[in-house]
Each structure stands twice: as C-alpha cells, then as structure tokens.
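Structural features, examined
Residues per chain, in single letters:
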Amino acid sequence: MVITHDRFFVWGIALVAILVVLGACQNRKELIDEPLYDGPLVIMDSINTKMSDSAKVILKLKAAKQLNYEGGDREWPEALYLEYLDDDGRVVSTFRADYVYYTAKDNLYRAEGNVVVKNIEEGDELNTEELYWSPKEEQFYTDRFVTIQSDDEVHTGEGLTADQDFSTYKILKPQGTLLIEE
C-alpha cells in the first residue's frame, strides 16, 4: 500500500513544527528574563539543636525560626539563644540576640539587637547592640558601645574582644569611673 501525501499537508506539518519550536524558544527567553530567586531555600520553625565534639555536647542552640540560604548562609530572624557547655556538660556561658545572620563564606556570625553574653561561673554579663562571633578564632568582637556587669561593678566603653566562653575580655576604649585598689 502506497501512501501519498498532499504537499500542502507536508508544508502544514512543517509549519506547525516550526511554530512549536519558536514558541518553546520564546518560553525559554521569558524564563531567562525572570529574576533569580534569592530567598531562603529552607525555612525551619522551633529549632533545638545540640552540637558535639568528640561525642560530647559543647553547644545548644534554640531559635523560633531558622532560614537556610544557598551557599550555606543562615539567618535567625526571631532571636537566637546559645548555651556553651564544658566537658562535664555544665553551662559555662550563654548568648542571646534578637537577630543573627551567619555568612558561610567568612564563617562569621553577626548578632544584632539586645545582645547579651553571660559567663555563668564568673557572673559577668555583656550587653551591646551588635556583636560578631568567629567560631574559627573562638572569639567575640564589636566596635559598638558595650556594658559589662561584673559583681558590683559596671564597665562601659566602645569596642570589645572576648573569648567565646566570655572568660576573658578587653574593652578597647573604656569609659566611666574605674575602681583602683592601692
């Protein structure tokens, strides 16, 4: 059986195929022109995380919400609370802030708003509006105004560097009255 096609039929099919290809290209162009999504890839609620080193819990993290972004960046837009533990599992120091952003590229945390760091053993408490934490250097630092309450003393100044357990610290530009024993 021989099937012959009318040349108009062949040209019609070719025209439809060309229109389909052109339509697909137009859809691709529209997709290319769309702005890229740069929001969070993952949104988590009610975070309660324990981090360990050599099978010992060294840090507890609690937050109402965590946002994870492409490239490893993270954000805690509704406050973050941390507890640092010693080898026996006792809380050595705590950290709290209204907002925290972690930049994976720099391995650096930036805390903002009502930032409070407490050394439980010494009773020292740091208050500031912005604080950076470098896990690699195991250090806190800021160039903002700080207040440190220690026993019955209050220390104030601009800028600070401190160990991450807040056992030692240095106010870069101290202010106020200091009690000096003779």
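Counting restarts for each chain, with residues numbered from 1 along the sequence as it is written. Local features in this predicted model are restricted to residues whose pLDDT is 70 or higher, and side-chain atom pairs enter the listing and the counts only when it is 80 or higher, whereas totals over whole chains, interfaces and linings include all residues. Excluded from the side-chain calculation are hydrogens and water; included are all heavy atoms of the structure.

1. Let's talk about the packing of aromatic side chains
- Side-chain rings of Phe, Tyr and Trp (the six-membered ring for Trp) are treated as a pair once their centres are within 6.5 Å; stacked means planes under 30 degrees apart, edge-to-face means over 60, and tilted covers the remaining angles. On inspection of all chains with the given rule, the structure shows eight aromatic pairs.
- When the centroid spacing of 5.8 Å and the interplanar angle of 5 degrees are considered together, the rings of Phe95 and Phe140 count as stacked. Of this pair, Phe95 sits in strand 5 (residues 91–97) while Phe140 sits in strand 9 (residues 139–150), placing them 45 residues apart in sequence. Each member of the pair Phe95 and Phe140 is classed as buried.
- Site record: aromatic cluster; members linked through ring pairs are Trp76, Tyr84, Phe95, Tyr102, Tyr109, Trp133 and Phe140. By the criteria applied, helices consist of DSSP H or I runs no shorter than four residues and strands consist of E runs no shorter than two, each listed in order from the N terminus. Only protein chains enter the area calculation, which uses a 1.4 Å probe; residues under 20% of their type maximum are buried, those over 50% are exposed, and those in between are partly exposed.

2. Looking at the side chain of Ser134
- Take Ser134: it is sitting in strand 8 (residues 125–134).
- We classify Ser134 as buried; its relative accessible area is 7%.
- Residue contacts for Ser134: discarding those within four places in its chain leaves Asn107, Leu108 and Gln139. The criterion used for residue contact is that any of the two residues' heavy atoms lie within 4.5 Å.

3. Concerning the pairing of strand 1 (residues 42–53)
- Of all twelve residues in strand 1, one are buried, a share of ten percent or less.
- Pairing between two strands requires that DSSP report at least two bridges joining them. Following strand 1, the chain reverses through two residues before pairing antiparallel with strand 2 (residues 56–68); Ser54 in that reversal takes a positive phi of roughly 55 degrees.

4. Overview of a negative patch on the surface
- Patch membership requires over 30% relative accessible area and the absence of a salt bridge. Like charges are linked within 9 Å, and nonpolar side chains (Val, Leu, Ile, Met, Phe, Trp, Tyr) within 5 Å. Reported accessibility uses the Shrake-Rupley method at a 1.4 Å probe radius. Residues are deemed covered only where the shown protein chains occlude them. Think of a salt bridge as a Lys or Arg side-chain nitrogen and an Asp or Glu carboxyl oxygen that are within 4 Å of each other. Under the convention used here, Asp and Glu are negative, Lys and Arg are positive, and both His and the chain ends fall outside the count. To locate a charge, take atom NZ for lysine, CZ for arginine, CG for aspartate or CD for glutamate. Side chains of Glu121, Glu122, Asp151 and Asp152 sit close together on the surface and give a patch of like negative charge.
- Here Glu121 shows up in the loop between strand 7 (108–119) and strand 8.

5. A short note on the pattern of salt bridges
- Applying the stated criterion across every chain, the model contains seven salt bridges.
- Linking Lys65 and Glu78 is a salt bridge whose minimum nitrogen-to-oxygen distance equals 4.0 Å. One end of the pair, Lys65, is in strand 2; the other, Glu78, is in the loop between strand 3 (74–76) and strand 4 (80–85), and 13 residues separate them in sequence.
- Taking relative accessible area as the criterion, Lys65 reaches 23% and is therefore assigned partly exposed.
- We classify Glu78 as partly exposed; its relative accessible area is 43%.
- Of the charged contacts, one joins Asp98 and Arg96 as a salt bridge, the two residues approaching to 2.9 Å between their closest N and O atoms.
- Note on Arg96: relative accessible area 32%, which makes it partly exposed.

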